[in-house]
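# Structural overview
The residues making up each chain are set out below.
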Amino acid sequence: MTELNEIPFKDNIIHSIINPKSIAIFGANNKFLDTMGAMQLRNIIAGGFAKEKIFPIHPKLDIIQGLKAFKSVLDLSEVPDLALIIVRPDVVPEVLEQCGLKGIKHVIITSGGFREIGKKGTILSQTIDDIAKKYNMRFVGPNCLGIYNGWYGYPEKKNTNFNTMWTYAIPDRGKISIAAHSGTIASHLFWFCKQIGVKIGKSLSIGNERNIDIVDILEYFKADPQTDVIGLYIEEIKRGKEFIQLAKEITPLKPIVAIYAGGSEAASRSIMGHTGSIAGDDKIFEAVFKEAGIISTFSIKDFLYYLRAFSYGIIPKGNRIGIITDSGGSGAMMAKAAEKYGLSIPEFSEELKSKLKAYVPSVANIDNPLDLTFQFNQYNLYVKIPKILINSREVDGIIIYAAFGFEEILDVVKKSGGKSYEEFDVSNQMMKGVYLKPMQRFVRKKKAPVFYIGPQGYSNPWVREFIKSDIPIFDLWDMPIKTFSVLARYSDYRTHHL
């Protein structure tokens, strides 16, 4: 098996494309809401790219968004590292030819209207292929939104990014990397990612893959130390054998979560009109994913939650879970879901039950699920009981319902004239330091994930503390069960393939 450090990732073509020092932009102007190119340029500037190294190319305008514009790329005094092309499809060959003459080797072609529109587009596609080959150029696209690199300039610059998408949302930076045939999947998700704490470092919209394809990108992600988890949205795989072999090398070390969009008649029609791809049979792709150890889903919400869970880096040793709850109903539903997803809910031993007895209410049912009913001893809930369960080695991970924040509860108590509960009247920061951080050190050491459920929702200040600290929290109880089952399956796969 190829070791990840054998390939110097900086020598990879993708690294050059997502880390340019200078860029020429064709198709940008000053009409922000009318043209995609204007928004793409705006986002590049907003990300902290050096303004003196941005060269807008426009036949009529002299100033674009405060930057000096040039009539032709041939007028530039230096050769840009990258060209971004957002012009009419029939103009793309001429622009690409000029880039070749200038000596530009790396290009992103956002423009649509190629293979996906039929015969005329297919001819255009072949034309740009020939031009790229003539000048030894590599390009992403066409028909894509380009790339997002949250690690741009790092570590010299801590708060910069390189974003050629039109969407302005920026996710928190992490070690999740995404490659998608859809620009929407590659960028529109960023708003939801911010909400639930999916931290993305790199996201590439690859469109029609005329030159650079998903195998090229996987080669880069495999070697990239800033990538720990990989997400793929796939409409076709052009190099099937290479894809399978490469995925097999990656998955034991870096989890891959994938969505295959084809497989139905309506989906195939949509894909043909989107990228011009010919979608294959669902069963074939499922077989490919299974053979290569890829986690497959057709749900975008599952996709993001799975990526988030893997990014925490805590993989359970097995499929046994302990459920701690203050609600019999949620406990029963979690237990049923766990069994449906192939998880084990072991009955606690008498020895374990005796250890728990001192830390649970007298009316509690000491078993698995462990129903604490109505009790507010936060130290027992967050620290003492979970530690006892994990140290028993009778479970491989824990799901806790419910992680309540007390700021709003105390406000209601005070407004209603109730007494002040000093033991709960502490800041979320202090609670995080006393309860959450020590437990995170413990679960990482023991390799036993603890998932929390915060029914007050992701906007709740206490829940936000979990998200900011990379602690897995969910708003309802079905998703943590489903997500844990995926971690357990991956754990079993990795055990047999490392």
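Structure: see above.
Structural notes, computed from the coordinates. These numbers come from a predicted model, not from an experiment.

Let us look at the state of the cysteines. Counted by the stated rule, this structure contains zero disulfides. Left unpaired, cysteine 99 is separated from the closest cysteine sulfur, that of cysteine 144, by 14 Å. Cysteine cysteine 193 is unpaired, with the sulfur of cysteine 144 as its nearest cysteine sulfur at 19 Å.

The subject of this paragraph is the environment of tyrosine 148. Considering the arrangement of structural elements, one finds tyrosine 148 in strand 8 (residues 146-149). Each C-alpha atom of the pair tyrosine 148 and isoleucine 170 lies 8.9 Å from the other, and the pair is 22 residues apart in sequence. Contacts of tyrosine 148, omitting those with residues within four sequence positions, involve Asn161, Phe162, Asn163, Met165, Ile170, Pro171, Phe190, Ile200, Gly201, Lys202 and Ser203.

With that settled, consider a nonpolar patch on the surface. Among the surface-exposed residues, Tyr379, Met430 and Val434 lie close enough to one another that they form a single nonpolar patch of about 290 Å² accessible area. Looking at the element boundaries, tyrosine 379 is found in helix 14 (residues 378-392). Accessibility expressed as a relative area gives 40% for tyrosine 379, which makes it partly exposed.

Attention now moves to the pairing of strand 11 (residues 200-205). Burial analysis of strand 11 places six of its six residues in the buried class, the great majority of the element. In this structure, strand 8 lies alongside strand 11, joined through four bridges in antiparallel fashion. Bridge pairing in strand 11 links isoleucine 147 to leucine 204. As defined by bridge partners, strand 10 (residues 176-180) adjoins strand 11 across five bridges and the pair is classed as parallel. Each residue of the ladder has a partner; that of serine 177, found in strand 11, is lysine 202.

Another point: the packing of helix 3 (residues 92-102) against helix 4 (residues 119-135). Packing of helix 3 against helix 4 brings their axes to within 10 Å, and their N-to-C directions diverge by 5 degrees. Regarding the angle of helix 3 to helix 4, the classification is roughly parallel. Along its contact with helix 3, which presents Val92, Pro93, Leu96, Glu97, Gly100 and Leu101, the element helix 4 presents Leu124, Thr127, Ile128, Ile131, Ala132, Lys134 and Tyr135. Looking at side-chain class alone, the contact of helix 3 with helix 4 contains nine nonpolar, two polar and two charged residues.

Below, the discussion takes up the sheet that holds strand 14 (residues 295-296). Across the sheet, seven strands lie side by side as 9-8-11-10-12-13-14; this open sheet has mixed pairing. The two strands at the open ends of the sheet, each matched to only one other strand, are strand 9 (162-163) and strand 14. Against the sheet, helix 10 (residues 282-292) touches strand 12 (229-234), strand 13 (256-260) and strand 14, its axis set at about 175 degrees to strand 13.

Running from N to C, helix 16 (residues 428-446) and helix 17 (residues 461-468) cross one another at 50 degrees; their axes reach a closest spacing of 10 Å. On the basis of the axis angle, helix 16 is oblique to helix 17. The element helix 16 and its partner helix 17 pack so that their crossing is right-handed. Facing Asn428, Gln429, Met431, Lys432 and Leu436 of helix 16, the residues of helix 17 in contact are Pro461, Trp462, Glu465 and Phe466.

Taken in spatial order, the five strands make up an open sheet running 2-1-5-6-7, and their pairing is parallel. Each edge of the sheet is formed by a strand with only one pairing partner; in this case those strands are strand 2 (54-57) and strand 7 (138-140). Taking each pair of neighbouring strands and ignoring which way they run, the sheet shows an average axis angle of 20 degrees. Here four bridges tie strand 1 (residues 23-26) to strand 2, and the two strands are oriented parallel to one another. Each bridged residue has a counterpart across the sheet, and for phenylalanine 26 the counterpart in strand 2 is isoleucine 57. Relative to strand 5 (residues 82-85), helix 3 is tilted by about 170 degrees, and along the sheet it contacts strand 1, strand 5 and strand 6 (106-109).

Excluding glycine, residues mostly have negative phi values, and the peptide bonds linking residues are mostly trans. Cis peptide bonds are those with omega within 30 degrees of zero, and the linkage from glycine 141 to proline 142 qualifies with -5 degrees. Within the secondary structure, proline 142 is located in the loop between strand 7 and strand 8. Unlike most non-glycine residues, glutamate 209 shows phi in positive territory, near 55 degrees. With respect to the element layout, glutamate 209 can be found in the loop between strand 11 and helix 7 (214-223). Its relative accessible area of 3% is what places glutamate 209 among the buried residues. Phi is positive for aspartate 470, which is not a glycine, with a value near 60 degrees. For aspartate 470, the position within the fold is in the loop between helix 17 and strand 19 (473-474).

Conventions used here
- Residues numbered from 1 in each chain as written.
- Predicted model: local features only at pLDDT ≥ 70, side-chain atom pairs only at ≥ 80, totals over all residues.
- Heavy atoms only, no water.
- Disulfide = S-S within 2.5 Å.
- Helix = DSSP H or I, 4+ residues; strand = E, 2+ residues; numbered from the N terminus.
- Contact = heavy atoms within 4.5 Å.
- Patch = residues over 30% accessible without salt bridge, like charges linked within 9 Å, V, L, I, M, F, W, Y side chains within 5 Å.
- Areas by Shrake-Rupley, 256 points an atom, 1.4 Å probe, with all protein chains shown as cover.
- Salt bridge = Lys/Arg side-chain N within 4 Å of Asp/Glu carboxyl O.
- Buried < 20%, exposed > 50% of the residue type's maximum accessible area, 1.4 Å probe, protein only.
- Pairing = 2+ DSSP bridges.
- Axes fitted to C-alpha atoms, helices over the stretch in contact; angles between N-to-C directions.
- Parallel < 35°, antiparallel > 145°, perpendicular 65-115°, else oblique.
- Nonpolar A, V, L, I, M, F, W, Y, C, P; charged D, E, K, R; others polar.
- Left-handed = near helix turned anticlockwise from the far one by under 90°.

Purely geometric numbers; function is a separate question.
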